[in-house]
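Structure at a glance
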Amino acid sequence: MASSVSHPSWLTCLASTSGYQVMFTSRGGGGNQKSPYADFNICHYTGDAPEHVAASRRMLIKELGLDTGSLIVPRQTHSANVQVIDSLPVDPAAIEGVDALVTRMPEVAIGVSTADCVPVVIVDEQAGVAGVAHAGWRGALGGVVDNTVGAMLELGADASRMDVFFGPAICCDCFEVGEEVAARFPEEYVVRRAEWPRPHVDLPGYVAGRLLSAGVPSERIRNFSPDLCTRCHPDRYFSARIAGVESGRNFTFVMLKRRI
Ligand SMILES: [Zn+2]
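For the structure given in this document, a descriptive report is provided here.

About the cut-offs
Residues numbered from 1 in each chain as written. Predicted model: local features only at pLDDT ≥ 70, side-chain atom pairs only at ≥ 80, totals over all residues. Helix = DSSP H or I, 4+ residues; strand = E, 2+ residues; numbered from the N terminus. Rg over C-alpha atoms; globule rule 2.2 N^0.38 Å. Buried ≥ 20, exposed ≤ 12 C-beta atoms within 10 Å, placed from the backbone. Pairing = 2+ DSSP bridges. Axes fitted to C-alpha atoms, helices over the stretch in contact; angles between N-to-C directions. Contact = placed C-beta atoms within 7 Å. Core = buried A, V, L, I, M, F, W, Y, C linked by C-beta atoms within 7 Å. Expected span 1.5 Å × (residues − 1). Arc of directions from axis to C-beta.

1. Quick look at the overall build of the protein chain
- If you tally the helices and strands in the protein chain, you get six helices and 12 strands.
- For the protein chain, the C-alpha radius of gyration of 17 Å lies close to 18 Å, the compact-globule estimate for 260 residues.
- Dimensions of the protein chain along its principal axes, counting C-alpha atoms only, are 55 × 45 × 45 Å.
- For the protein chain, the residues scored as buried account for 43% of the 260 residues in total.

Dropping the structure here:
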């Protein structure tokens, strides 16, 4: 008989197998959405009150049944830097200025914080290697996705076995950019319409393209769903384009399960 696990409104499961779980946290609902950090936010470096961040983290840790030190939240800077998580506790300095994480450790949640940028999870279940990257336009062009795949290969993963999942991110229809940004992307990811004053970029599409180039089979890359657009659905997801940079973040993460 099929069973469904119910989660709080701020937690969504994208995939769950015997080997791993991919999830994201978002605003949740029903509370006071007037605050740009409501209801649920674990990001500690975008202006939220430390008590709210700590309370949200406690709720997530409890929901996942994790040890306190097993929730890894890097401070991101739109870099292309990847950190390998291979022991606990993680030195906070090791995850400063880091925009992607990879691990072989079970029962450790590695994730990235985003509000419009693309969070992408990559897993080689057979090898027991997981990765997650924050790909805004700067990081994506800078190679953060390629670097994440590279770090996973070094840990024994194989691109042909990688499964890919996108968390909440801005859709192409919403992602208006300046000409100078559009010019940096391959033309196939730049969209122009008569009714749009400026070009748009398909950022999830570009990230998928990087993964295809790295050898990930297209059928293993789950299509980005417009339902996950942060700007189309600011009631559900944090969107910096709606709420400003000083706002909460969606947290997209992957957790390997212990092998029995
Ligand atoms: Zn949208």
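Here the narrative resumes.
2. Examining the sheet that holds strand β8 (residues 129-135)
- Read across the sheet, five strands follow the order β4-β5-β8-β7-β9 without closing on themselves; strand pairing throughout is mixed. Of all the strands in the sheet, just β4 (82-85) and β9 (163-166) have a single pairing partner and so form its edges. Between one strand axis and the next, the sheet turns by 15 degrees as a mean value, whatever way the strands run.
- Across seven bridges, the pairing between strand β7 (residues 118-124) and β8 is antiparallel. Directly across from V123, in β8, lies its bridge partner A130.
- In this fold helix α3 (residues 144-154) packs onto β4, β5 (100-103), β7 and β8, with an angle of close to 170 degrees to the strand it touches most, β8.
- Those strands touched by helix α5 (residues 203-213) are β7, β8 and β9, and its axis lies near 25 degrees from that of β7.

3. What about the environment of N41?
- Counting through the fold element by element, N41 comes out in the loop between β2 (20-25) and α1 (50-64).
- On the basis of neighbour counts, which here come to 31 C-beta atoms within 10 Å, the residue N41 falls in the buried class.
- Once the C-alpha coordinates of N41 and L60 are considered, the two residues, 19 residues apart in sequence, prove to be 10.0 Å apart.
- Among residues more than four places away in sequence, those in contact with N41 are D48, H52, V53, S56, G248 and R249.

4. Quick notes on the nonpolar core
- Ranked by internal contacts, the top residues of the largest apolar core, which has 63 residues, are V120, L203, V207 and V254.
- With residues near it in sequence (within four places) discarded, L203 still touches V118, W137, A140, A169, I170 and F175.

5. Focus: α1
- Its 15 residues give α1 an end-to-end C-alpha distance of 21 Å, which sits within 8% of 21 Å, the value for a rise of 1.5 Å per residue.
- Burial in α1 covers these residues: S56, R57 and L60. Along the long axis of α1, the arc covered by the buried residues comes to 100 degrees, so they all point the same way. Of the exposed residues in α1, the ones pointing more than 90 degrees away from its buried face are E51 and K62.

6. Focus on the sheet that holds β2
- The five strands lie next to each other as β1-β2-β12-β6-β3, forming an open sheet whose pairing is mixed. Because the sheet does not close on itself, it has two edges, and the strands there are β1 (11-16) and β3 (71-72).
- Of the pairings in the sheet, the one linking β1 to β2 comprises five bridges and is antiparallel in character. In the sheet register, S16 faces β2, and the bridge partner there is Q21.

7. Section: unusual backbone geometry
- Cis peptide bonds are those with omega within 30 degrees of zero, and the linkage from A38 to D39 qualifies with -5 degrees.
- Examined against the element boundaries, D39 turns out to sit in the loop between β2 and α1.
- Backbone torsion omega between L88 and P89 reads -5 degrees, so that peptide bond is classified as cis.
- When you line up the elements, P89 lands in the loop between β4 and β5.
- A positive phi is found at H78, a non-glycine position, where the angle reads about 60 degrees.
- With respect to the secondary-structure elements, H78 resides in the loop between β3 and β4.
- Judged by the 16 C-beta atoms lying within 10 Å of it, H78 falls in the partly exposed class.

8. So, the environment of R259
- You can see R259 is positioned in the segment after β12 (250-256).
- The exposure class assigned to R259 is exposed, which follows from the 8 C-beta atoms found within 10 Å.
- It is 11 Å that separates the C-alpha atoms of R259 and Q126, two residues lying 133 residues apart in sequence.

Everything listed here is a matter of geometry and, on its own, says nothing about what the molecule does.
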